[in-house]
Amino acid sequence: GAGVSQSPSNKVTEKGKDVELRCDPISGHTALYWYRQSLGQGLEFLIYFQGNSAPDKSGLPSDRFSAERTGGSVSTLTIQRTQQEDSAVYLCASSRNYGYTFGSGTRLTVV
Amino acid sequence: KNQVEQSPQSLIILEGKNCTLQCNYTVSPFSNLRWYKQDTGRGPVSLTIMTFSENTKSNGRYTATLDADTKQSSLHITASQLSDSASYICVVTPSGTYKYIFGTGTRLKVLA
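Keep in mind it's a predicted model, so treat the numbers as computed, not measured. (Residues numbered from 1 in each chain as written. Chains lettered and ligands numbered in written order. Predicted model: local features only at pLDDT ≥ 70, side-chain atom pairs only at ≥ 80, totals over all residues. Heavy atoms only, no water.)

Participant: What should I look at first to understand unusual backbone geometry in this one?
Facilitator: Excluding glycine, residues mostly carry a negative phi; peptide bonds, for their part, are mostly trans. The linkage connecting Ser7(B) with the following residue, Pro8(B), adopts the cis geometry, with an omega of -10 degrees. By the secondary structure assignment, Pro8(B) is in the loop between strand S1 (4–7) and strand S2 (10–14). Residue Pro29(B) follows Ser28(B) across a cis peptide bond; omega there is -5 degrees. Relative to the elements of secondary structure, Pro29(B) occurs in the loop between strand S3 (19–25) and strand S4 (30–38). Backbone geometry at Arg81(A) places phi at a positive 45 degrees, although glycine is not the residue there. Given the relative accessible area of 42%, Arg81(A) is considered partly exposed. At Lys71(B), a residue that is not glycine, the phi angle is positive and equals roughly 60 degrees. Relative to the assigned elements, Lys71(B) resides in the loop between strand S7 (62–67) and strand S8 (72–77). (Helix = DSSP H or I, 4+ residues; strand = E, 2+ residues; numbered from the N terminus. Buried < 20%, exposed > 50% of the residue type's maximum accessible area, 1.4 Å probe, protein only.)

Given below as structure tokens:
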């Protein structure tokens with residue numbers, strides 16, 4: 001597609017439930033990143049993919065968070081047993097050489 | 001302490017006025033510095049990118065400057081428009097890494 005697509009755009013879930021967030025990067029972009037943006041905070045790095053492998057997962061805040069990427073394209077960020085502090089906007093970005101193109105994000109609200 | 005600090009946190013100006021947003025960083029060495037605009041509910045969009053050796057870069061009414069000696073960058077917006085209302089984020093890429101270090105942004109509100 002023309003841009004980075006994320007779905008859903010909004011997700012409200014009950015505490016303790018699992019959620020899956022999807023990112024469809026720009027075709028041909030080998031690098032893919034997940035970021036989290038909490039209210040009033042800057043962007044927090046979560047994980048970086050190069051192709052299907054994730055050489056840097058250092059930003060994942062706990063083992064409840066995991067991500068995968070298949071076919072060098074679509075990526076899924078999974079949060080298990082969601083907590084209220086997981087409420088944030090989750091942004092995906094893809095890159096080929098220079099710069100990022102961001103998706104519009106998924107706003108996750110845990111109630 | 002954040003490695004990329006922005007000021008002011010928020011700013012309100014009248015349409016047509018100019019404004020300057022500041023970014024101070026401690027990241028060193030770095031390969032490039034970017035300014036992004038983020039509309040509410042949208043992902044950040046790149047405005048300018050400067051390498052460590054560049055002093056200024058313009059994109060329409062947006063002009064970014066960089067002083068590598070003082071580790072400061074500024075984003076100047078000329079003849080502001082209502083559509084400039086957004087958050088402006090300064091992003092620094094350390095040399096030899098793919099990671100971006102984001103500032104917390106300046107929230108700009110342009111009033112009619």
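That was the structure; now back to the text.
Participant: Explain the pattern of salt bridges to me, please; I cannot follow it from the model alone.
Facilitator: All names here are of chain A. Taken as a whole and judged by the stated rule, the model has five salt bridges over all chains. The shortest N-O distance in the salt bridge between Arg64 and Asp86 comes to 2.8 Å. Of this pair, Arg64 sits in the loop between strand S6 (53–56) and strand S7 (65–69) while Asp86 sits in the loop between strand S8 (75–79) and strand S9 (88–95), and the two are 22 residues apart along the sequence. The two residues Arg64 and Asp86 agree in class, both being buried. (Salt bridge = Lys/Arg side-chain N within 4 Å of Asp/Glu carboxyl O.)

Participant: Can you walk me through the nonpolar core in this structure?
Facilitator: Soluble globular proteins tend to pack their nonpolar side chains together in the buried interior. Core analysis: the biggest nonpolar cluster contains 24 residues, and Val4(B), Leu33(B), Trp35(B), Leu75(B) and Tyr88(B) have the highest contact counts within it. Of all the elements in the fold, those that place two or more residues in this core are S3, S4, strand S5 (45–51), S7, S8, strand S9 (86–94) and strand S11 (106–111) of chain B. Leave out the neighbours within four places in its chain, and Leu75(B) touches Cys19(B), Thr20(B), Leu21(B), Trp35(B), Leu47(B), Tyr62(B), Thr63(B), Ala64(B) and Tyr88(B). With 19 residues, the next largest nonpolar core counts Val19(A), Cys23(A), Leu46(A) and Phe49(A) among its residues. (Core = buried A, V, L, I, M, F, W, Y, C linked by side-chain atoms within 4.5 Å. Contact = heavy atoms within 4.5 Å.)

Geometric values such as these leave the question of function open.
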